[in-house]
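# Fold and geometry: a report
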Amino acid sequence: MIYNPFFQHRQTFQVMTYVLFMALFLLFPPALYGEEDALLDLLESAESAGNAEQLLELIEDLKKNRILLNEADANELRQLPWLTAADAHAIIVQRNAKGAFQSLQELEPIIGAEKTAAIAPCVLLKKEQELRKRAAAVPVEGTMYSRLFRETTARKGIIKDIYAGENYKLYHRLQVSVPHVNASLLQEKDIGEPDVADFTSLSFNIHDLGILKSAVLGNYKLNVAQGLLIGQGRYLSKGSDSFTSVRLPARQLSPYTSSSEYGYLQGVAATVKLYPIEVTAFYSANHLDAIINSSGVITSFDESGYHRTPLEISRKDNVTETVSGANLLYNFQTGNFSGRAGGSVLSYGYTRPLDELEPYAALSTISSAMLYSIQTDCSLGKATLFGEAAFSRKPYDTSWIAGMEYELLRGLNAVGAVRRYGVNYYSPFASAFAERGEGASNENGYYVGINAKASDRLSIGAYYDLFTFPLLDDHTQYPSHGNDSRIFLAWKQSGLLLWHLQLQHKKKEEQNNQGSSSAPLWTALPQVTDRCRLDCDLLLSTHFHLRSRGEFKKVVKQYLAGDQQFYGRLFYQQAGYESPGFSLKGRFTHFQSDDYDAALYAYEDDLPLTSSLGLYSGRGNSFFLLATWQAMKQMELSARFEKTWYSDREVYSSGNDERATNAPGSFHLGCFITF
């Protein structure tokens, strides 16, 4: 018999491990579920729609202008991104039956301890007391936030003077508020841009003043119904609940405070509430970056916001977009049946013809169009119905979506939706729930999602989406079918240990030339993706937190010549320390992928109000370190360093953005001041 010391002393090792963890538990009580955990769960539970920064800013605004828990209706409660329609309904039912909430602990039996902790900074129990306190103590409040970002190796465009600017990105944001009035000024420049104020955004917001629900002068964004006509705030998509899946966030009008240089309106808008009628009117005259062909027709809009090269600078604000319209809503309630219904009209135009308005014409001559929509959102007991139908005049077509949320049992919620997006429907402002893009066109689908709170320790979620593209693409103009399904599981094994599991299976066709450039053979290429992600959170104490992740992805491309398989693998280990005035977080990641389609993504912690979605393609290792220090009561300093080492390349990126290194890195510094 071979002597094996590990197996010989396995029982002793297990006992020592158990004693160690019990000692840690007793000496360092486990950290409670907090705001940062809730936000991370929200981001990780769905696919990003590219607006995570705006989600962070929404949450920051909710902290400043908290929702009145004892007065808010269902639509106002749905502004809280963690709450479903069933949660909002349960809160209102409890409030009507038992009276006003006296403490947030009363919410825990209704929506759970984790959701209660997540929304706690964003809700208010007593209106008048808080308003008097704020007015007497601090008549004026404000924040000043500055960030500096620099890459360790400059891009080729900077080294060879192709870019007009330097190797740094600069961001400044000033916000000032008094009761009922907020003002925001933002300036930003990207790497390679010469103007330190390349992008400037200014807005003034008056809110909750008599019949005036909200009014904005300057830059603002609009969300109407489900985003078929206009939607400028879809943060996430394809999750198992309503917020991270089908429905557009409930806040209709808000000032624009993001640094993204596309996807907002500029002018004036106001919402007036004369119960049961609510009217929103808006006007915008905004300058956009457009790509214009030799015939003077707009072929597309440049959404990158980059103004570095002479060509990019020449496109800056070269087209004026004019938008005007209104939305009318009627609120109703009859017993348990309540909701709202209404419609919208929107007129828009450009200073040049737009190719999309005449997609089948050799040369477009149309520069303006009209859009119309009707909407409803109503509740009957535990069921909530929602829908929108939108109509475009040029080109003529219709898109619609309808869905329902329902609480099947206590802790068991379901959402389902049907969508039919016309092939020729076009709205440059749409942000619809979709598999491919957000333009609310050329897609049909059936979606169902379910969330189950099996116990205080176990939560399960899942969704299935069956979709069809009536026209796959320009070279493959025939229907294409696919499906996407995902399972989410969260298990709190103990007060110290949490597990998160995601499983995904997806089948989708992409246009592909399986011939050659001289003899093309365009076909629909089926692509099957399977992905598994496992996270482990170890809460050592109120100060120490470990997170480990392992993720595997397999992609099968079914070519005519035979299947090809590609694999992606990722593992990271993250450690964090947090105390009242200082926090430190670091992560080491190892990744390997055979193909770009097998690349993996992971959210990375960054400076306040920023979010980095890391793309791990190729082979290598990466590391980041993030520190935050409360230097003074009204000043917070933060710094982040990140570096990636690739083993499969000599240079990083390509073109003018190429960096002559296989180990690109960056520094990110921030200073947040409150007054």
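Everything in this summary refers to the structure shown in the same document. (Residues numbered from 1 in each chain as written. Predicted model: local features only at pLDDT ≥ 70, side-chain atom pairs only at ≥ 80, totals over all residues. Heavy atoms only, no water.)

## Brief notes about the environment of Asn621
As a reminder of what qualifies: Where helices and strands are cited, they refer to DSSP runs of H or I of at least four residues and of E of at least two residues respectively, numbered from the N terminus. Under the scheme applied here, a residue whose accessible area is under 20% of the maximum for its type counts as buried, over 50% as exposed, and between as partly exposed, the area being computed with a 1.4 Å probe on protein chains only. By definition, residues are in contact when any of their heavy atoms lie within 4.5 Å. N or O atoms within 3.5 Å of each other form a polar contact, as long as, within protein, one can give a hydrogen and the other can take it, and as long as residues adjacent in sequence are counted only when both atoms are side-chain atoms.
Take Asn621: it is sitting in strand E31 (residues 619-632). Here Asn621 falls in the partly exposed class, since its relative accessible area comes to 25%. Contact partners of Asn621, with chain neighbours within four places excluded, come to Phe588, Thr589, His590, Phe591, Lys643, Thr644 and Trp645. Of the polar contacts made by the side chain of Asn621, one reaches the side chain of His590; its length is 2.8 Å.

## Focus on the pairing of strand E19 (residues 397-409)
What counts, and what does not: Two strands pair if DSSP finds at least two bridges between them.
With 10 bridges joining them, strand E18 (residues 383-392) and E19 adopt antiparallel strand pairing. Of the residues in E19, the one forming a bridge with Gly387 is Ala402. Between E18 and E19, which pair antiparallel in sequence order, lie 4 residues. Bridge count for E19 against strand E20 (residues 412-421) is 10 bridges, and the pairing is antiparallel. The residue bridging Leu409 from the neighbouring strand is Leu412, located in E20. Joining the antiparallel neighbours E19 and E20 is a turn of 2 residues, in which Gly411 adopts a positive phi near 85 degrees.

## Observations regarding the nonpolar core
Note the cut-off: For this analysis, a nonpolar core means a set of buried residues of the types Ala, Val, Leu, Ile, Met, Phe, Trp, Tyr and Cys, connected via side-chain atoms within 4.5 Å.
In this structure, Leu346, Tyr348, Tyr350 and Phe429 are the most contacted members of the largest nonpolar core, which totals 44 residues. If sequence neighbours within four positions are ignored, Leu346 has contacts with Leu229, Ile230, Phe282, Val323, Ser324, Gly325, Ala369, Met370, Leu371 and Phe429. Ranked by size, the runner-up nonpolar core spans 24 residues in total, among them Ile59, Ile92, Ala118 and Ile119.

## Some points on the pattern of salt bridges
Counted only if it meets this: Here, a salt bridge means any Lys or Arg side-chain nitrogen found within 4 Å of an Asp or Glu carboxyl oxygen.
The tally for this structure, following the rule as stated, stands at 33 salt bridges. For Arg247, the salt bridge is made with Glu405, and the minimal N-O distance between the two is 2.7 Å. Of this pair, Arg247 sits in the loop between strand E9 (236-237) and strand E10 (253-255) while Glu405 sits in strand E19, placing them 158 residues apart in sequence. When the shortest N-O distance is used, the salt bridge between Lys557 and Asp595 registers 3.2 Å. Of this pair, Lys557 sits in strand E26 (residues 544-559) while Asp595 is found in the loop between strand E28 (582-593) and strand E29 (600-604), placing the two residues 38 residues apart along the sequence. On the basis of relative accessible area, Lys557 is assigned to the buried category, the value being 8%. Through salt bridges with shared partners, a single ionic network connects Glu151, Arg155, Arg308, Glu312, Asp657 and Arg659.

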